[in-house]
Each structure stands twice: as C-alpha cells, then as structure tokens.
Amino acid sequence: MSPLTEQYGHLVDFNKRSLLISACAIAFNPTFWNIVARREYRTKFITKAFGSAQAGCYALAITIFSLGLLRDFLYERALRDQPSHPLLEGEVPTYAGYALVALGNLFVISSTWQLGITGTFLGDYFGILMDDIVTGFPFNVTNAPMYYGSTMSFLGSALIYGKPAGILLTGVVLAVYLVAIQFENPFTAEIYAKRERERSKGGSKAKKAKGSKGGKKEL
Ligand SMILES: *[C@@H]1O[C@H](CO)[C@@H](O)[C@H](O)[C@H]1NC(C)=O
C-alpha cells in the first residue's frame, strides 16, 4: 500500500465490483434515453411500433422509470459494500441527508406534476409539445429540477448511510447530468423553435407558441 492508498483506502473501496456497476448504471441511463429519443425524433420508430406517439412515449416513460429503479437499487447495493466514515456518522450529516432526500424528491415530484408524464419523459421528441413554458415551482428555482433534485437525493442517501463512496457516486451523477443538460437543452430548444417557425409561416391566425420549457427528465 502506498501512503496515498493508506490514507484514502478506508474512504472508498475501489476493489468492490458493485461500485463500478453502480457508476455504469448511472452513466448508462441518460445515454440510453438520449440515443433512443433522438432516434425516435428522426425515424419515429417507437411511434410506429406502438401505433401512436402517446403510447410510445408512455412505453419509453415506463422503461426509463424502471431503469431508474434499477440504478437506485444498484446504488444502494454499492453503498452497502462500502466502508462508513466517522465524520459522516453523526446526527448532523444524517439529518442533512434526510433533508436533502426530501428536498430532492420535492423537486422531482413537483416538476413531474408540472410537466405531466409526456412532458417529463421526452414527449417533445415524439412531437408531443408543451403548449406553454412552465414557470411555476420548481422551475422558478432551477431550470433542471429533475436533475438537481435527483442529485440531491443521491447525496442525501450517501449522508444517511455515512458512506464517502456515495459522495463519489453523487459526483458521477452530477457530471452525467451536466453533460446531459448540455446535450439536451439546445436540441429541445430547436424543436420548439421549429414549431415557432412553422406557426409563423402558417399565418397570423396561428396560436402564439411560447418556446422551450427548459429542464426536465430524470430517472
Ligand atoms: C417559486 O414559486 C413558489 C410557489 O409559487 C414560491 O413560493 C417561491 O417563493 C418561488 N421561488 C422563487 C425563488 O421565486
């Protein structure tokens, strides 16, 4: 053991395969839904398979939600294999953890409530667009409440379990979501801009579009 691994070796056990599996599941989910959704946008392959955009979007929603449950399960399993740290085991980190999980869930649930199922789960790629930009809570606090709420829940669980490895995996979650936001937001904005162009082309009687609703999606 080098001095470095002696010092940090007890924080995170990198020899546990469950840690790598959890990190892979975290990275896989947004990668999966972005590839699938863009393919749907280009080819309508899910719409064709399910007979309607609505049914296709619900099928994708169930898939993404299930993958999210699997990812959460793998995260908890990874944490169980990891060492705790005394600094994270006191009452303060534990209560902070519960507060973060509660706030994170509030963000995720309230934004799902605001956007609806198709608005939350990539409906815009199916051609199911929101009529209006959503500005109420939690979108008045952050433009990506799903992603930041989910990140808060991961961090909160890490604190509740008292596991430094959970903080490391939360870093992976945040990094993956920040990349996803960079990748998704311009694309979604373009989908709404396109509708706007088509509406203004369609004449002055066209209802006024209000553009992209900003952040969304989780799981
Ligand atoms: C966001 O909206 C909620 C509910 O309408 C309100 O209570 C809250 O103060 C608002 N937050 C900000 C930062 O504007």
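Please read these numbers as outputs of a predicted model, since none were measured by experiment.

Visitor: Describe the overall build of the protein, listing the residues and the values that go with them.
Guide: When its secondary structure is counted, the protein shows seven helices and zero strands. Counting across all 219 residues of the protein, residues that qualify as buried make up 35%. Sequence-distant contacts, at least 24 apart, represent 80% of the contacts inside the protein between residues at least 6 apart.

Visitor: Requested: an account of the UniProt feature "transmembrane region" (unreviewed entry) in the protein, with residues and values cited.
Guide: Per the UniProt record, "transmembrane region" (unreviewed entry) is annotated on residues 20-37, 49-70, 95-113, 125-148 and 160-180. Between the C-alpha atoms that bound residues 49-70 there is a distance of 25 Å. The span itself is 91% helix and 0% strand. Taken end to end, residues 125-148 has its terminal C-alpha atoms 22 Å apart, with 17% of it in helix and 0% in strand.

Visitor: Which residues make up the UniProt feature "binding site: S-adenosyl-L-methionine" (unreviewed entry) in the protein, and what values do they have?
Guide: Under the present numbering, the feature "binding site: S-adenosyl-L-methionine" (unreviewed entry) in UniProt falls on Ala-102, Leu-103, Gly-104, Glu-184 and Asn-185. Tracing the backbone shows Gly-104 in helix α5 (residues 91-120). We classify Gly-104 as buried; it has 23 C-beta atoms within 10 Å. Setting aside anything within four residues of it in sequence, one finds Gly-104 in contact with Gly-149, Ser-150, Met-152, Ser-153 and Gly-156.

Visitor: Give me the lowdown on the site of the ligand, citing residues and values where you can.
Guide: Residues in contact with the ligand, as listed here, are Gly-136, Phe-137, Asn-140 and Val-141. Residue composition of the shell around the ligand, grouped by class: two nonpolar, two polar and no charged.

Visitor: Talk me through helix α6 (residues 145-161); I want residue IDs and the actual numbers.
Guide: Helical geometry note: an α-helix holds 3.6 residues per turn, so side chains three or four residues apart project in the same direction. Taking 1.5 Å as the rise per residue, α6 with 17 residues should run 24 Å; its terminal C-alpha atoms sit 24 Å apart, in good agreement. Of all 17 residues in α6, 16 are buried, a share of seventy percent or more. Immediately downstream of α6, the backbone of Gly-162 shows phi near 70°, a positive value.

Parameters at a glance
Residues numbered from 1 in each chain as written. Predicted model: local features only at pLDDT ≥ 70, side-chain atom pairs only at ≥ 80, totals over all residues. Helix = DSSP H or I, 4+ residues; strand = E, 2+ residues; numbered from the N terminus. Buried ≥ 20, exposed ≤ 12 C-beta atoms within 10 Å, placed from the backbone. Contact = placed C-beta atoms within 7 Å. UniProt positions renumbered as here; feature names shortened; annotations may be inferred. Near = placed C-beta within 6 Å. Nonpolar A, V, L, I, M, F, W, Y, C, P; charged D, E, K, R; others polar. Expected span 1.5 Å × (residues − 1).

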